[in-house]
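# Geometric and topological summary
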Amino acid sequence: MTAARTFAALPLVAVLALAGCSGSPTDPLGLGGCLEGDRGTIAVGVSNTSGDPIVIEGVELSGSSGVEIVDRFLALDDEARSTAVLFDDGGRAAFDGVDLDQQAIDPDAAAYVGVEVQRTGSEPGRVGGLTITVDGSPQAVPVTLDLLDACG
């Protein structure tokens, strides 16, 4: 990765829980959420602050339990500039997403990098963070999502 190619998770401006309930008071950055059910989606707002297009090569779970990835996607959207993370139960369709390898993020553009997860059993599931690989460089993203029978 060259110095000109950078990935920037936007500073927190807003967190929107589109389904279930929002993060807890112990999450002062607002990068955590809770969804009721067996599936959930995390969409992280990113912007390209480099002078070249960037490619999101992958999204993986880190520090997670009781969940597995069922889909990864990218959705170009200027709203991603002002929204650090969204939580939804609608998957890729809720964001009009495409496969990661189908779209680069142009300079000065914004997008959501999304991952849909599913619980692997009847126990609660937790995403304890994501690793997004951008032009060969892994980037840690400290978001959390709990998939529960009931958010409290």
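Scroll up a little and you will see the structure.
Our focus in this paragraph is the overall build of the protein chain. In terms of helices and strands, the protein chain carries zero helices and 13 strands. Reading the helices (α) and strands (β) of the protein chain from amino to carboxyl end gives β-β-β-β-β-β-β-β-β-β-β-β-β. The burial tally for the protein chain puts 43% of its 152 residues in the buried class. Within the protein chain, contacts between residues at least 6 apart in sequence are counted, and of these 80% link residues at least 24 apart. For the protein chain, the computed accessible surface area is about 7,000 Å², with 49% contributed by carbon and sulfur atoms.

For the rest of this paragraph, the subject is the environment of G128. Topologically, G128 is positioned in the loop between β10 (125-127) and β11 (130-134). When the C-alpha atoms of G128 and P142 are compared, they prove to be 7.4 Å apart, with 14 residues separating the residues in sequence. When sequence neighbours within four positions are dropped, the list of residues in contact with G128 reads S62, G63, S64, V143 and T144.

Right, let's talk about the pairing of strand β9 (residues 110-119) for a bit. A large share of β9 lies buried, amounting to nine of its ten residues. Two strands pair when backbone bridges link them, and strand β5 (residues 39-48) and β9 are joined in this way by nine bridges, in the antiparallel orientation. Among the inter-strand pairings, I42 is bridged to a residue of β9, identified as V115. Looking at chain direction, strand β7 (residues 67-76) and β9 are connected through nine bridges and run antiparallel. Paired with E68 across the bridge in β9 is Q118.

Here the focus is the nonpolar core. Membership of the largest hydrophobic core comes to 29 residues, with the highest contact counts inside it found for I42, I56 and L130. For this core, the elements supplying multiple residues, two or more each, are β5, β6 (56-61), β7, β8 (85-88), β9, β11 and β13 (144-148). Top element by residues in this core is β9. It accounts for four residues. Ignoring sequence-local partners within four residues, the contact set of I42 consists of V85, L86, F87, V113, G114, V115, V127, L130, V143 and L145. A80, L86, A110 and Y112 belong to the second-largest nonpolar core, a separate cluster that totals eight residues.

Below, the discussion takes up the environment of A75. Tracing the backbone through its elements, the reader meets A75 in strand β7. Residues A75 and G114, 39 residues apart in the sequence, show an inter-C-alpha distance of 7.8 Å. Leave out the neighbours within four places in its chain, and A75 touches F95, D96, G97, A111 and Y112.

On to the state of the cysteines. Applying the stated criterion across every chain, the model contains one disulfide. Each sulfur of the disulfide joining C34 and C151 lies 1.9 Å from the other. The disulfide joining C34 to C151 has a torsion of about -90° about its S-S bond and is therefore left-handed. In this pair, C34 is assigned in strand β4 (residues 32-36) and C151 in the segment after β13, connecting sequence segments 117 residues apart. Residues C34 and C151 agree in their burial class; the two are buried.

Below, the discussion takes up the packing of aromatic side chains. The description of an aromatic ring pair uses the distance of the two centres, along with the angle that the planes make with each other. A complete count under the given rule lists two aromatic pairs for this structure. Taking the centre distance of 5.8 Å and the plane angle of 55° together, the rings of F95 and Y112 count as tilted. Taken together, the residues F95 in the loop between β8 and β9 and Y112 in strand β9 connect sequence positions 17 residues apart. F95 sits in the buried class, given a relative accessible area of 11%.

Procedures and definitions
- Residues numbered from 1 in each chain as written.
- Predicted model: local features only at pLDDT ≥ 70, side-chain atom pairs only at ≥ 80, totals over all residues.
- Heavy atoms only, no water.
- Helix = DSSP H or I, 4+ residues; strand = E, 2+ residues; numbered from the N terminus.
- Buried < 20%, exposed > 50% of the residue type's maximum accessible area, 1.4 Å probe, protein only.
- Contact = heavy atoms within 4.5 Å.
- Areas by Shrake-Rupley, 256 points an atom, 1.4 Å probe, with all protein chains shown as cover.
- Pairing = 2+ DSSP bridges.
- Core = buried A, V, L, I, M, F, W, Y, C linked by side-chain atoms within 4.5 Å.
- Disulfide = S-S within 2.5 Å.
- Phe/Tyr/Trp six-rings, centres within 6.5 Å; stacked < 30°, edge-to-face > 60°.

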